[in-house]
Amino acid sequence: MLTHSLKLRKPLAVIDLETTGVNITKDRIVELCIAKAKLDGTVEVKTKLINPGVPIPPETSMIHGIYDEDVKDAPSFKQIGKSLAQFLEGCDLAGFNSNRFDVPMLVEEFLRIDVDFDTKNRKLIDAQRIFHLMEPRTLSAAYRLYCHKELDGAHSAEVDTLATLEVLCAQVDKYDGVKLKNDKGEEYEPVKNDMDVLHQLTSANIVDFAQRMTRNAKGEIMFNFGKHNGKAVKYVLKQEPQYYDWMINGDFPLDTKRKLTEIKLKMMLEK
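So, how was this worked out
Residues numbered from 1 in each chain as written. Predicted model: local features only at pLDDT ≥ 70, side-chain atom pairs only at ≥ 80, totals over all residues. Heavy atoms only, no water. Helix = DSSP H or I, 4+ residues; strand = E, 2+ residues; numbered from the N terminus. Rg over C-alpha atoms; globule rule 2.2 N^0.38 Å. Buried < 20%, exposed > 50% of the residue type's maximum accessible area, 1.4 Å probe, protein only. Contact = heavy atoms within 4.5 Å. Pairing = 2+ DSSP bridges. Axes fitted to C-alpha atoms, helices over the stretch in contact; angles between N-to-C directions. Arc of directions from axis to C-beta. Polar contact = N/O pair within 3.5 Å; in protein donor to acceptor, adjacent residues only side chain to side chain. Phe/Tyr/Trp six-rings, centres within 6.5 Å; stacked < 30°, edge-to-face > 60°.

### Topic: the overall build of the protein chain
- The secondary structure content of the protein chain amounts to 11 helices and 9 strands.
- Relative to its length of 271 residues, the protein chain is compact, with a C-alpha radius of gyration of 19 Å against a globular reference of 18 Å.
- Counting only C-alpha atoms and orienting by the principal axes, one finds that the protein chain spans roughly 55 × 55 × 35 Å.
- Across the 271 residues of the protein chain, 48% fall into the buried class.
- Long-range pairs, those at least 24 residues apart, make up 60% of the contacts in the protein chain between residues at least 6 apart in sequence.

Structure representation (structure tokens):
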């Protein structure tokens, strides 16, 4: 039986996806694995091939080893989406580079099939952020450093997912109590065996998963791209209302559009 040593308030779902590519708005999931770390210390693993409904580019198949023939009889995401959302209900989410890729891709897939998979009340733990802060390397190097083993079968969803859970446990064991100095020379302990602390460390500034918006040091939501890069979203929407329409009708992820709409509606209520 698989086990873990994390101190959890909720189950922690560690996620890894293999996809047709890296464009969140256009590409699709072809395999997913979820390792659900439970409060009793056990881990439940689900791994599924998914028919993306589009051809898998050969160059992508050469990376993860999944070809069109492998998924032709697999269910679509729409067929498994509701049961998957139920499996993830009440879980915090984790992964390796998950805040930039796996969680945004998963959220986008849920939105496409009208499943409201909300992340507002979930802690988001990205083991890559901890790793890059403490020991900048890749997942294979992280596995070697923290777990003292070689990662055989990298780019298999299940191998990468279970390796990430092992790495996260080892990171917490290694760095809990370790102090760093901030830019003011003050000591602080960035890593603790506490999902609130790890969420704050790895995900505090996230507004939308594509990171078209971010939070500044004051907590204000700012645009993070284009001609309004660095400007407050509320200021731009007030001074240039048509910019909202441009983004809503543009080639932006559904999650970005949803978050932008939430900001606009909040502005309307504040009037």
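The structure having been displayed, the exposition proceeds.
### So, the sheet that holds strand β2 (residues 29-37)
- Read from one edge of the open sheet, 5 strands run β3-β2-β1-β4-β5, paired in mixed fashion. Of all the strands in the sheet, the pair left with one neighbour each is β3 (43-49) and β5 (124-126). The sheet shows a mean angle of 20 degrees between the axes of neighbouring strands, direction not considered.
- For strand β4 (residues 92-95) and β5, the ladder comprises 3 bridges, and the chain directions are parallel. Its bridge partner being in β5, leucine 93 is matched across the sheet by leucine 124.
- Relative to strand β1 (residues 12-19), helix α7 (residues 157-175) is tilted by about 145 degrees, and along the sheet it contacts β1, β2, β3, β4 and β5.

### Concerning helix α5 (residues 127-134)
- Residues Ala127, Gln128, Ile130, Phe131 and Met134 constitute the buried set of α5. Down the axis of α5, the sector holding all buried residues measures 160 degrees, keeping them to one side.
- Those residues of α5 hidden inside the fold are in contact with β4, β5, α6 (139-147), α7, β6 (180-181) and α8 (195-203).
- Between a side-chain oxygen at the N-terminus of α5 and the backbone nitrogen of glutamine 128 the separation is 2.9 Å; the capping residue is aspartate 126.

### Here's the deal with the pairing of β3
- When β2 meets β3, the two strands line up antiparallel, connected through 7 bridges. When the bridges of β3 are listed, lysine 36 appears paired with glutamate 44.
- Where β2 hands over to β3, the hairpin turn is made up of 5 residues, of which glycine 41 adopts a positive phi near 90 degrees.

### A few points about the packing of aromatic side chains
- For the structure shown, the criterion picks out 10 aromatic pairs.
- Residues phenylalanine 110 and phenylalanine 117 carry aromatic rings whose centres are separated by 4.6 Å and whose planes lie at 25 degrees to one another, so their mutual orientation is stacked. There is no split in this pair, since phenylalanine 110 and phenylalanine 117 are both buried.
- Ring plane angle 70 degrees and centroid distance 5.6 Å describe the contact between phenylalanine 131 and tyrosine 146, whose orientation is recorded as edge-to-face. With phenylalanine 131 in helix α5 and tyrosine 146 in helix α6, this residue pair connects regions lying 15 residues apart in the sequence. Here the two residues phenylalanine 131 and tyrosine 146 agree in accessibility, since each one is buried.

By themselves, these are just geometric observations and shouldn't be taken as functional.
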